[in-house]
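What the coordinates show
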Amino acid sequence: MNVMRWSIDQLEILIACAERGSFSAAARHLGRAQSAISTAIAHLETDLDCQLFDRTGRMPRLTEAGEALLHEARAVIRQCQRLESRARAIGQGEEARLVLAIDEALVEMPPVDESLEALAGHYPSLQLTLLYGAQGDIAGWVEDRTADLGILLRQQGQGPLLEGIRIAHLQQALVVARHHPLAGLAAPSAGDLAGHRQLLIASRSEGDAWQPLSAQFWRLNSFYSMAELATRGLGWALVPQHIAQYPPFRDDLIHLASDALGTPPVIEVETVSRRDGGRGPIAQWLQRTLGERFRDHRLR
């Protein structure tokens, strides 16, 4: 059996060199001497028995082998972060306090409310802080450690520090106001939709935002605000079914077929936490309970 000779430190140096574009930039980022970085990469190449960087040009470039092993190195580092996180949680026991951030789109949903009620019963000594935010706030609060755990509707552009776990999925509805021109079309075509203003959710990162179908569009960070503007005839929107059925909106909205959008009419609910932050026993219990409650309501 071969003995592993490479180290986690070498993998972190490999990742830094690849992400920073040069050995010198990686050295500055890691606070090391450039010679130490070059030596570490050379030793890693020897240990792995393959060339990771092509050094013939002015700047080192990853070889094909280097590209493949970079992916594996990142996976190893992520697993190490989870290991350390899990060890801290086990060593510390149950959390004394928990900051939970909840997407406003999930407010008043029975699975969420029931899970919080169960949390109060199972862990009466827990010091709980609840933060409610619009779409995009939740992941940001978890990423900057304002919150320990987030519950949100899945979005793009979440960030590499976060790890999401899907706990449910929700049906979506294509809606317009009763007096909107599209209301008279039971199944509008893509061309019909493109001829009217689209209301869609904003992403944390503009580059990751969902691309609109219509050239006329408004982005919002709240599904409730989207539904509110839709009731006023300001555009059509794809929103979670429970928001379309929310009492202030349901009598003023018409549901249309969504086949023309070319996307599945579901949106995922997930919990997010920092990969290096640690999910303690209570946070893990809450994740499981949320998943169970959402499944129970789907089966009713």
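Here, the structure is the one placed above.
Remember, it's a predicted structure, so these values are computed and weren't measured experimentally.

This part is about the overall build of the protein. Summing up its helical and strand segments, the protein has 11 helices and 11 strands in all. The buried share of the protein, taken over its 300 residues, is 42%. Sequence separation of 24 or more characterises 68% of the internal contacts of the protein that already satisfy a separation of 6 or more.

Moving on: the nonpolar core. Within the largest apolar cluster, 43 residues are counted, with the highest numbers of intra-cluster contacts made by Leu 106, Phe 223 and Val 269. If sequence neighbours within four positions are ignored, Val 269 has contacts with Leu 106, Ile 151, Leu 152, Leu 153, Ile 165, Arg 166, Ile 167, Ala 168, His 169, Leu 170 and Phe 294. Leu 14, Ile 15, Ala 26 and Phe 53 belong to the second largest nonpolar core, which has 20 residues in total.

This part covers the pairing of strand 11 (residues 266-274). Here strand 11 lies mainly inside the structure; seven of its nine residues are buried. Here strand 5 (residues 149-153) runs beside strand 11; their pairing, made up of four bridges, is antiparallel. Residue Leu 152 lies in a different strand from strand 11, and its bridge partner there is Glu 270. Here strand 6 (residues 162-177) pairs with strand 11 via nine bridges, running antiparallel. When the bridges of strand 11 are listed, Glu 163 appears paired with Ser 273.

Between helix 1 (residues 8-20) and helix 3 (residues 34-48), the least distance of the axes is 9 Å, while the angle of their chain directions is 115°. With respect to their mutual orientation, helix 1 and helix 3 come out roughly perpendicular. As for how helix 1 packs across helix 3, the hand of that crossing is left-handed. Taking contact as the criterion, the partners of Gln 10, Leu 11, Ile 13, Leu 14 and Cys 17 in helix 1 are, on helix 3, Ile 37, Ala 40, Ile 41, His 43, Leu 44 and Asp 47. Considered class by class, the residues forming the contact of helix 1 with helix 3 number eight nonpolar, two polar and one charged.

Once that is clear, we can look at unusual backbone geometry. Generally, phi is negative for residues other than glycine and the peptide bonds are trans, each holding for most cases. The residue Asp 49 is not glycine, and still its phi comes out positive at about 60°. In this fold, Asp 49 is placed in the loop between helix 3 and strand 1 (53-54). Residue Asp 49 is classed as exposed on the basis of its relative accessible area of 71%. You will see that Glu 108, though not glycine, has its phi angle at about 70°, which is positive.

This paragraph deals with helix 5 (residues 110-122). Since the α-helix turns once every 3.6 residues, residues separated by three or four places project in the same direction. Under the 1.5 Å per step criterion, the end-to-end length of helix 5 is 18 Å for 13 residues, consistent within 8% with the ideal 18 Å. Considered for burial, the residues of helix 5 that qualify are Pro 111, Val 112, Ser 115, Leu 116, Ala 118 and Leu 119. Take helix 5 and look down its axis: the buried residues cluster within an arc of 160°, on one side only. Opposite the buried face of helix 5, by more than 90 degrees, sit the exposed residues Glu 117, Ala 120 and Gly 121.

Right, let's get into helix 8 (residues 223-231). Along helix 8, seven of the nine residues are buried, which leaves the element largely enclosed by surrounding structure. Inspection of helix 8 places Phe 223, Tyr 224, Met 226, Ala 227, Leu 229, Ala 230 and Thr 231 among the buried residues, and these make up the whole buried set. Between a side-chain oxygen at the N-terminus of helix 8 and the backbone nitrogen of Tyr 224 the separation is 3.3 Å; the capping residue is Ser 222. A positive phi of about 80° marks Gly 233, the residue just after helix 8.

Moving on, we get to the side chain of Ser 214. Its place among the elements puts Ser 214 in the loop between strand 7 (198-201) and strand 8 (217-220). Here Ala 194 takes part through its backbone oxygen, which lies 3.1 Å from a polar atom of the side chain of Ser 214. Those residues in contact with Ser 214 that lie beyond four places of it in its chain are Leu 193, Ala 194, His 196, Arg 197 and Gln 198.

What counts, and at which threshold
- Residues numbered from 1 in each chain as written.
- Predicted model: local features only at pLDDT ≥ 70, side-chain atom pairs only at ≥ 80, totals over all residues.
- Heavy atoms only, no water.
- Helix = DSSP H or I, 4+ residues; strand = E, 2+ residues; numbered from the N terminus.
- Buried < 20%, exposed > 50% of the residue type's maximum accessible area, 1.4 Å probe, protein only.
- Contact = heavy atoms within 4.5 Å.
- Core = buried A, V, L, I, M, F, W, Y, C linked by side-chain atoms within 4.5 Å.
- Pairing = 2+ DSSP bridges.
- Axes fitted to C-alpha atoms, helices over the stretch in contact; angles between N-to-C directions.
- Parallel < 35°, antiparallel > 145°, perpendicular 65-115°, else oblique.
- Left-handed = near helix turned anticlockwise from the far one by under 90°.
- Nonpolar A, V, L, I, M, F, W, Y, C, P; charged D, E, K, R; others polar.
- Expected span 1.5 Å × (residues − 1).
- Arc of directions from axis to C-beta.
- Polar contact = N/O pair within 3.5 Å; in protein donor to acceptor, adjacent residues only side chain to side chain.

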